[in-house]
Each structure stands twice: as C-alpha cells, then as structure tokens.
Amino acid sequence: ARSKEFEGALGTTKYAMFGLGDSHYWGKGTEDSRINFAKPARELDEVLEKLGAQRLIPTGYGDDQDVDQYHTGFGEWKDQLYSRLGVDKAAAGAAEDDGPVKSDEVIKIESKQLRGSLKAALDDITTGQVPFQDTKTIKSHGSYQQDDRDLREERQKLGIENAFSYMIRVRLPAGYCTAEQWLAMDHTCGKYANGTLKITTRQTWQLHGVVKRDVKNAFRAINRACMDTVAACGDVCRNVMCTTNPSVCSRKLMDEIKQHTFAIHDHCLPRSGAYHEIFLMHGDEMAEKTQILGSTPLEEEPVYGMTYLPRKYKIAVAIPPCNDVDVFAHCCGFIAIIKDNKLLGFNVTVGGGLGFTHNNQKTHPRLADVVGFCEPKDAKYVGEAVMTISRDFGDRTNRKHARVKYTVEDYGAQWYREQVENILGKKLEEARPFKFESRGDLFGWHKTEDNLWHCGCLVPIGRVKESCRTGLAKIAEELKGGGAFRMTCNQQVLITDIPEAKKAKVQALLNEYKIAHTPETTVSGMRRNMMACVALPTCPLAFAEAERYLPTLVGRLEVVLERCGLRQRDIVIRMTGCPNSCGRPSMAEIGFIGKAPGTYNMYLGGDFLGHRLNTLYAESVTEDQIIAQLTPLFARYSSEREKNEAFGDFVVRASIVKPMTHGRFWWTIPEV
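Residues numbered from 1 in each chain as written. Predicted model: local features only at pLDDT ≥ 70, side-chain atom pairs only at ≥ 80, totals over all residues. Heavy atoms only, no water.

**Student:** Describe the overall build of the protein, and please don't skip the residues or the numbers.
**Tutor:** On a plain count of helices and strands, the protein comes out with 22 helices and 24 strands. Since a compact globule built from 672 residues should have a radius of gyration of about 26 Å, the 27 Å found for the protein is in line with a globular shape. Expressed along its principal axes, the backbone C-alpha trace of the protein runs to roughly 90 × 70 × 55 Å. Counting across all 672 residues of the protein, residues that qualify as buried make up 56%. Residue pairs in contact within the protein that sit at least 24 positions apart in sequence constitute 69% of those at least 6 positions apart. Approximately 28,800 Å² of the protein is accessible, and the part contributed by carbon and sulfur atoms is 51%. When the 88 basic and 87 acidic side-chain charges of the protein are each reduced to a single mean position, those positions are 2 Å apart. (Helix = DSSP H or I, 4+ residues; strand = E, 2+ residues; numbered from the N terminus. Rg over C-alpha atoms; globule rule 2.2 N^0.38 Å. Buried < 20%, exposed > 50% of the residue type's maximum accessible area, 1.4 Å probe, protein only. Contact = heavy atoms within 4.5 Å. Areas by Shrake-Rupley, 256 points an atom, 1.4 Å probe, with all protein chains shown as cover. Lys, Arg positive; Asp, Glu negative; His and termini not counted. Charge placed at Lys NZ, Arg CZ, Asp CG, Glu CD.)

**Student:** Can you lay out the confidence of the model for the protein for me, pointing to particular residues and giving the numbers?
**Tutor:** Detailed conclusions should not be drawn from predicted coordinates in areas where pLDDT is low. In this model, the protein carries an average pLDDT of 92, and 93% of its residues clear a pLDDT of 70 or more. Note that residues 91-102 has pLDDT below 50 and, in this model, 5 contacts with residues that lie over four places away or in other chains. (pLDDT = per-residue confidence, 0-100.)

**Student:** Provide a residue-level description of the pattern of salt bridges, including the pertinent values.
**Tutor:** Considering all chains together, one arrives at 53 salt bridges under this definition. Across the pair Glu49 and Arg55 runs a salt bridge whose closest N-O atoms are separated by 3.6 Å. Overall, Glu49 belongs to the partly exposed group, its relative accessible area being 46%. A relative accessible area of 35% places Arg55 in the partly exposed class. Here Glu277 makes a salt bridge to Arg115, at a shortest N to O gap of 2.7 Å. With Glu277 in helix α13 (residues 274-280) and Arg115 in the loop between α6 (99-110) and α7 (118-123), this pair connects stretches of sequence that are 162 residues apart. Judged by relative accessible area, Arg115 falls into the buried class, the value being 7%. Each of Asp104, Glu105, Lys108, Lys136, Asp235, Arg396 and Arg399 takes part in one network of salt bridges that share partners. (Salt bridge = Lys/Arg side-chain N within 4 Å of Asp/Glu carboxyl O.)

**Student:** Break down the sheet that holds strand β21 (residues 573-576) for me, with residues and values.
**Tutor:** Neighbouring strands of a sheet are bound in pairs by backbone hydrogen bonds; such pairs are parallel or else antiparallel. The 5 strands lie next to each other as β20-β21-β22-β23-β24, forming an open sheet whose pairing is mixed. Where the open sheet ends on each side, the last strands, each with one partner, are β20 (530-532) and β24 (615-621). Within the sheet, the average angular offset between the axes of one strand and its neighbour, ignoring direction, is 15 degrees. Across 4 bridges, β21 lies against strand β22 (residues 590-596) in parallel orientation. Across the sheet, residue Arg574 finds its bridge partner in β22, namely Gly591. Across the face of the sheet, helix α21 (residues 623-640) comes into contact with β22, β23 (599-604) and β24 while running at roughly 145 degrees to β24. (Pairing = 2+ DSSP bridges. Axes fitted to C-alpha atoms, helices over the stretch in contact; angles between N-to-C directions.)

**Student:** Go over the environment of Pro585 with me, naming the residues and quoting the values.
**Tutor:** Of note, Pro585 is situated in the loop between β21 and β22. When the C-alpha atoms of Pro585 and Pro302 are compared, they prove to be 36 Å apart, with 283 residues separating the residues in sequence. Among all residues touching Pro585, those that are not within four sequence positions of it are Arg574, Thr576, Gly591, Phe592, Ile593 and Asn614.

**Student:** Break down the side chain of Ser33 for me, citing the residues and quoting the values.
**Tutor:** Within the secondary structure, Ser33 is located in helix α2 (residues 31-36). Residue classification places Ser33 among the buried positions, given a relative accessible area of 3%. A polar contact of 3.1 Å, which involves the side chain of Ser33, links it to the side chain of Thr30. When residues no more than four places from it in sequence are discounted, the contact partners of Ser33 are Ser23, His24, Tyr25, Trp26 and Gly27. (Polar contact = N/O pair within 3.5 Å; in protein donor to acceptor, adjacent residues only side chain to side chain.)

**Student:** Break down the sheet that holds strand β15 (residues 444-447) for me, with residues and values.
**Tutor:** Pairing in this open sheet of 5 strands is antiparallel, and the strands run β7-β18-β19-β16-β15 from one edge to the other. Two strands close off the open sheet at either side, each with one partner strand: β7 (176-178) and β15. When strand polarity is set aside, the average angle formed by the axes of neighbouring strands in this sheet is 20 degrees. Pairing geometry for strand β16 (residues 453-457) and strand β19 (residues 493-498), over 4 bridges, is antiparallel. Counterpart to Cys457 in the pairing with β19 is Val493.

**Student:** So what about the packing of aromatic side chains? Which residues, and what values?
**Tutor:** This structure, assessed with the given rule, holds 26 aromatic pairs. Centroid distance Phe18 to Trp77: 5.3 Å. Interplanar angle 50 degrees. Geometry classified as tilted. Pair noted here: Phe18 is in strand β2 (residues 18-21) and Trp77 is in helix α4 (residues 71-85), with a separation of 59 residues, a long-range link. Neither Phe18 nor Trp77 differs from the other in exposure class; each is buried. Seen from their ring centres, Phe434 and Phe436 are 5.3 Å apart, and the 65 degrees between their planes marks the pair as edge-to-face. Residue classification places Phe434 among the partly exposed residues on the basis of a relative accessible area of 29%. (Phe/Tyr/Trp six-rings, centres within 6.5 Å; stacked < 30°, edge-to-face > 60°.)

**Student:** I'd like a description of helix α11 (residues 215-224), backed by residues and values.
**Tutor:** When you tally the buried positions in α11, you get 7 out of 10 residues, the bulk of the element. Listing the buried residues of α11 in full gives Val215, Lys216, Ala218, Phe219, Arg220, Ala221 and Ile222. Turning to α11, the residues buried within the fold contact α7, β5 (143-147), β6 (164-169), α10 (179-192), β9 (205-210) and α13. Of the residues flanking the end of α11, it is Cys226, one or two places downstream, whose phi is positive at about 65 degrees.

**Student:** Explain the pairing of β6 to me, using residue names and the numbers behind them.
**Tutor:** The side chains of a regular strand alternate between both faces of the sheet. Extensive coverage of β6 is indicated by the burial of 6 of its 6 residues. Residues of β6 alternate between two faces, with Phe164, Tyr166 and Ile168 on one and Ser165, Met167 and Arg169 on the opposite face, all of them buried. Where β5 and β6 come together, 5 bridges link them in antiparallel fashion. Bridged to Tyr144 within β6 is Met167. As paired strands, β6 and β9 are joined by 3 bridges and run antiparallel to one another. From the neighbouring strand, Ile168 faces β9, where its bridge partner is Leu207.

**Student:** How would you sum up the nonpolar core? Please name residues and give values.
**Tutor:** Ranked by size, the top nonpolar core spans 103 residues in total, and within it Trp182, Trp205, Tyr313, Phe334, Leu472, Ile475 and Phe485 carry the most contacts. Beyond its immediate sequence surroundings of up to four residues, Ile475 is in contact with Phe485, Ile495, Val506, Leu509, Leu510 and Ile515. The next biggest cluster of nonpolar side chains, apart from the first, holds 42 residues, and it includes Leu536, Leu557, Leu561 and Tyr600. (Core = buried A, V, L, I, M, F, W, Y, C linked by side-chain atoms within 4.5 Å.)

**Student:** Give me the lowdown on the environment of Glu437, citing residues and values where you can.
**Tutor:** Looking at the element boundaries, Glu437 is found in the loop between α16 (413-424) and β15. The exposure class assigned to Glu437 is exposed, which follows from its relative accessible area of 52%. Along the sequence, Glu437 and Gly234 sit 203 residues apart, while their C-alpha atoms lie 33 Å from each other. Every residue in contact with Glu437, bar those within four places of it in the chain, is listed here: Pro321 and Leu609.

**Student:** Break down the packing of helix α17 (residues 466-478) against helix α18 (residues 500-512) for me, citing the residues and quoting the values.
**Tutor:** Taken N-terminus to C-terminus, the directions of α17 and α18 make an angle of 165 degrees; their axes are 9 Å apart at the nearest point. As far as their axial angle goes, α18 and α17 are roughly antiparallel. The handedness of the crossing between α17 and α18 is right-handed. Here Lys474, Ile475 and Glu478 of α17 lie close against α18, whose contacting residues are Lys502, Lys505, Val506, Leu509 and Leu510. Residues that form the contact of α17 with α18 fall into these classes: 4 nonpolar, no polar and 4 charged. (Parallel < 35°, antiparallel > 145°, perpendicular 65-115°, else oblique. Left-handed = near helix turned anticlockwise from the far one by under 90°. Nonpolar A, V, L, I, M, F, W, Y, C, P; charged D, E, K, R; others polar.)

Given below as structure tokens:
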C-alpha cells in the first residue's frame, strides 16, 4: 500500500544482480520451470529498479542445467562487472583459490600415511567431532563422521554442537564371516552403536551411531573378532565383492573363487601402520610396540605412494549365470569363466561407476567395458594394474571427474587394456563367452554336494534389528564351530554351512522370529528386489529419504501389483537419497534418486540382468505422482508383456522410455 512513496528512494544506489536457478527443476520445458527459474533474483531486480537503483550491468543468470552448472555464466558476469568497476586488472593479478579438491590431495600428503592427528583427536572428549582434515583421514580407516540431521535444528536453537557420531564399516571381502564373528558384531552394535547392523550394498556391515568416546573401543572389539575396517572407505581399494548364491556352481568352485576374491583384496590393501597405531595400540605396556613414521628411515606404500588414489576404487567378482554383484557397476570386475566344473580364468571389466552430480553434465553413470581375459593366478595383479593406472592417470584436479570410469571415458577402453598389459608384461587374452540369467539373491534352502545346507533370508533394506537381529544371533549361537554367514550385494543374508543335524533347529528359529525366507514371507517380487542406501538422518549428502521410506513406497506399489496380477513378479526397484548412487539405482528397472525432501527423479528401463542403465522418466516427483505414473504402466505390463519379458525390457520395447545405450548419453537421451 505504501510502495509508491518509496519509488526513487534508492536513486543513488548502484547494483549488479546474478541469479541462480535450475531450468528443469519443475520439469523440462514446463511453464512452472519458465516462471520459477531464478525467480527471486528477477523479482528483486524489478523491485530495485522501481526504487530508482541504477543497474550497473545486465542481470546475469546461472543455470544448473548448463554443462558446468553456473560457473561459465558467473565467470562472464563477473568479468563484465569487474570491467565496469575498473578493477579487472587488479582481479587478474590475484591468486586463484585452489578450492576443496586440492585440500583433499594436500590432506593425504600431509597425513603421514593416513595418521593425521586422529589419535589425539579421538581422545579429546571436549567435543563430539574431529578436525576437518581428520574427517578426511578417518575415511581410509573405514569410518565417516556424521551427525543426526533430525536433531540439527533443535540443537542449534539450544546453542550446542550437532549430535555427532561415527559410522564404522567392516572390511569383509566376499561378505563372509563365521558364526562367532556374527555374534561379535551383534554384541558390538548393541554395546557401542545404535543396536542395529546395516548390511550394505557392498556386502559388508556398517555400525551407526557410535559416539566419539566409543570409536576406539568399537574398532578394538571388531579386531578381537579377527576382523578390521582397513580401507573400507577412502581413496583406496574398497571391500571386494563376490557372488554369494551357492546354486551357481559347485562348492569346490565357490570356495576357489572366494579365495581369489580374498587374494585380490589383500593384494590391494594399504600397508600403512597407522590403523594399528590409532585404534588398536593402547596402554603403557604397548607404547614401545607402537609403530610411528619416524621409527624407520621411511615407511612406504608400495602401491599407493604418498597420495593414494584420486578417488575410491571398487572391485567385484561375478559367477555366471548370476550377476548379483552388478559387475558392470564397478571400477574393475572379474567374471568367472567355468567349463567342465573347472575355473579357466576371468573376463576383466574396467570403467564402471554410477555416481554423478545433479545437473552437472560433466558427470554421469557408466557401465564397465569387457577388455579381455586373464588366468586365475593373474587376477590380483590385474586388479592392481587397473588401480595403479587410475593412480597415475586419474584426474586429481576435480574429484567429480576422478573415478576410473572417467579415465576410461577420456582415454578409451583399448588404451586402458594396453596399459594393463604393459604393467603385466603380457597380453590379456580375448574375452570368453558368458551369460547372466539372474541378478537377485537365493531365498530359501539349498543343499550343496558336501551335504551342507544354505538358507537365503530377506533383511528389509539390510537393517538387522529387533526380532530379526535376535533370531539371527540365536542361529549364530546354534552354528558356532562350523556355520557361517555371507552378506549379499543386495543387502540380504545367506546362512551357510548348516549341517543336516541342525537344519530343523535353524528352520524353527527362522519361524519363531519371523525371518522372511520363502515366497510367502518375502511378500512380493518387488520387495525381494528392493534396495536403498541409508540416506537420512545420518548421511550428510542425502537430499531425501531412502532406507526409511522405500518400504513404505513399495507397500503402496504392492497394492497396485496385486491388482494387476504381478505380486510375485520380480521387479528391481532401488532408491538413493542423492546421486552418489550407493544403492545402484541407475541399474534398476525402477530407480529413484533423491532431489529434495519427498521429491525424486524417477528412472525406468534398466534391464533385469544389469547390462543397461535406466533412463530419466519423470523429474521431481512425489509419492502420489509416483503411484499415479506407475499404475498405468503396471497395467500395460500385465496385459501387453511378452513371455518372460522383464519390466525394464517392456518399457523400452513399448517406447515408454528410450534405451540408455551408454552413460555418456545420460543427459542427452531423446525424449519419447
């Protein structure tokens, strides 16, 4: 009402305006996106003009949809502004900011082979956090500093620091542990963590909610069970995965391939003594045994050097016809080639990885290329060679462009193969034929030729808690002295090596504690194939819920599937809270990637066996919109599908989405 009396009030004020926005946020090409793009900047610019302020230069805009997001637009606008102000020459002489990417590299160099100041920082009880540089260093020891984001606002109002805690990830190659180790982890999560075990998409456990004063105690408890967390996170070779399904080959072959998995993993481990010094050595009696960098002329990392890798390095071992490890999603992969019940060797894959950044078109998911074949004895050396090429040629100036997949994309798969051969000193053979027929886990009972039983169980989203945790601990007690467990890459668990004499007891415990393991108790084909990352409240990168929400969404979708006669039809559905893609949503038949609270990008058309990425179908959709859009698609799938046609293949054949033929087309695939 009083706006007119202020007109011209800013007549002596000069201003320049730069607005930020996302031209696709409300959907590509929609009227809402046009109206709302950089709306606050445009409205403020209009108000200032009405008040008489003088615009120095035209308003600039940065669009998150541009290849480099806002950077080019801002750079051009900044240069124009500096020129208008007459300070462009002075600005040109200023030093450039090295930014956070250099900080990561510098921190690694200055960490004294992954030591940093962690030992003292973890003993400081005046705060729940560690210094920034130590948050980077602790990753290489298998832990992340986190805080409970549900409590942030409340604690900020109270003027106290965030509710910091630590996630601890165990190193568990091939996902294997003994019954005794399961019991040790059950005890550790109850004593030091939040009372749950999280089975990850990389076939291991995570502890959540470990407060700072208990971090070292948790590490020591894990160590007493003959396990550790070395290299479970960080710019190193992570946990090496291996197919778990016991029905894919003989027990002898499974054990042989599992041993190769262990060998690959152990060969690529860091050699620094920092882990033992920081977390395990304690007490006066251990002081003289503590390893320190200055105690020898030089402590060397024979593979990693002083700077380790540009980014994380992931390996998986698949045993056809099962692709439960999603072998094409990893930096390096090994596909077992078996003939006449003998392991001939492995096909080698390089260049997979699914993480990207919303609206940054220089980042994208990528499936690995098959580059050759190696003998079993060479597998660990091939794994090392692929890793050291990344070490030497990977992009250390931009962490978003530092994974092996971008090195393969920049130089080519043939170049990468030649580099591997140069390091090996021998040629890789041509890849052998193979065929994948499944990607899910075994559910229910299976007997191997050694007369031992194995039972696959559903652990929803991998969270071992409440009655499930109690029941599995009871089973572990029953199997002490011979039984074992294997975590799966789909966040389930395989109870393995069960003698005939104990099968009935294990079955009774499964029934008593209602641990799902049959088609009836696992509810639906979609529920058997759902996967999600942790996301909120502890992951600092999450934009939206995943683990806490996906079961609810699947519950609503199951009602639709039941109506369409598809309840027991296997459909791969995955969700992550951010595009880092820990839950591998880009390879799902139905994938969701969080964009904002309650809002997801929905992708369709990944194939059931893991050979094809999916394609963006709808941007920024909410739960009701998801149900509304999938309901008619399920109805069409029910009535129009061909024999044995998977949902992901159907939506491509029916031209609901275009097939994603290569990750480099992630941002440019034509609309249907």
